[in-house]
Amino acid sequence: GRALEAEAAYRRALGRDPSSAQTHTALAALLASRGESAEAQAHLERAASLNPKDASAACTLGLLHLARGRHESAAAVFGRALALNPRYDLAQLGLGRAWKAAGRRPEGERAERTAAARLGAEGVQAFEATLADWKRGAGPLDMVRTPRRAIRHFAILDTALGAVSVPACASLPA
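No experiment lies behind these values; they were computed from the predicted model shown. (Residues numbered from 1 in each chain as written. Predicted model: local features only at pLDDT ≥ 70, side-chain atom pairs only at ≥ 80, totals over all residues. Heavy atoms only, no water.)

Novice: Just to check I follow, could you spell out the confidence of the model for the protein chain for this structure?
Specialist: Counting all residues, the mean pLDDT for the protein chain is 80, and 78% of those residues have values of 70 or more. This stretch, residues 138–174, has a pLDDT under 50; its non-local contacts, to residues over four places away or in other chains, come to 69 contacts. (pLDDT = per-residue confidence, 0-100. Contact = heavy atoms within 4.5 Å.)

Novice: Where do I start with the packing of helix H6 (residues 89–101) against helix H7 (residues 105–136) in this structure?
Specialist: A pair of packed helices is characterised by two quantities: the angle between their axes and the separation of those axes. Two elements in contact, H6 and H7, have axes whose closest approach is 7 Å; the angle formed by their N-to-C orientations is 130°. Regarding the angle of H6 to H7, the classification is oblique. As for the relative orientation of H6 and H7, their crossing is left-handed in sense. Class assignment of the residues belonging to the contact of H6 with H7 gives a composition of eight nonpolar, five polar and nine charged. (Axes fitted to C-alpha atoms, helices over the stretch in contact; angles between N-to-C directions. Helix = DSSP H or I, 4+ residues; strand = E, 2+ residues; numbered from the N terminus. Parallel < 35°, antiparallel > 145°, perpendicular 65-115°, else oblique. Left-handed = near helix turned anticlockwise from the far one by under 90°. Nonpolar A, V, L, I, M, F, W, Y, C, P; charged D, E, K, R; others polar.)

Novice: Would you take a moment to explain the pattern of salt bridges for this structure?
Specialist: In the structure shown here, the tally under the stated rule is 11 salt bridges. Arg34 is paired through a salt bridge with Glu7; the nearest N and O atoms lie 2.7 Å apart. Placement of Arg34 in the loop between helix H2 (21–33) and helix H3 (37–50) and of Glu7 in helix H1 (residues 2–16) is noted, with a sequence separation of 27 residues between them. By relative accessible area, which is 8% here, Arg34 ends up buried. Its salt-bridge partner being Arg97, residue Glu112 comes within 2.4 Å of it at the nearest N-O pair. Of this pair, Glu112 sits in helix H7 while Arg97 sits in helix H6, and the two are 15 residues apart along the sequence. Taking relative accessible area as the criterion, Glu112 reaches 10% and is therefore assigned buried. One continuous salt-bridge network, built from bridges that share partners, spans Glu7, Arg11, Arg34, Glu36 and Glu39. (Salt bridge = Lys/Arg side-chain N within 4 Å of Asp/Glu carboxyl O. Buried < 20%, exposed > 50% of the residue type's maximum accessible area, 1.4 Å probe, protein only.)

Right, here's the structure in full:
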C-alpha cells in the first residue's frame, strides 16, 4: 500500500540524510499511527536533538505521550513546543487535553478553547481522529488504511497552522 511505500521512502531518505529532523518526525507519525510507539518515540527524540527549535517534533512527541496515557509528560512536551512557537495551536490543544487528563480541568479547558477558536472545527477533528488512531494502534485490517488517514490529519493540521511538517505525505489518498 501507499503507507508502506511512504515508510520505505522515509527510511531511504534517512539512509541518505540521517540528520533530517523533518523526515524523522514524518516517519514517527506514520509509525505511531500503526501503534509502533517505541520506534516512533525514538525518531521523535532524534528529531528533537537534531533541531531543538522544531516545535513540530516536540508537538508530535506530546501527541504520542498523550496517546500512551502519559499526561504529565505530554503536558511538559506540549509546553516546550509552545515555548518554541507560542502560536502553535495544535500544541495548545494538546496541552489542554493533557492538563484535563491530569486533573487540571480549568487550565485544560481554557487552553482547548483558545486553540479551538484558531484551529476551527476541521483542525480539532483532525487532532481528535489522529489521537484516537494513535491510542488504538492498528489492527491487522488497518495496517494500510490507518497510517494514510493519520498522515492526512497531520497535513490538514499543519496546513491550518501554516507550517508543514509532513509535506511528502500530504498527497497520499484518503
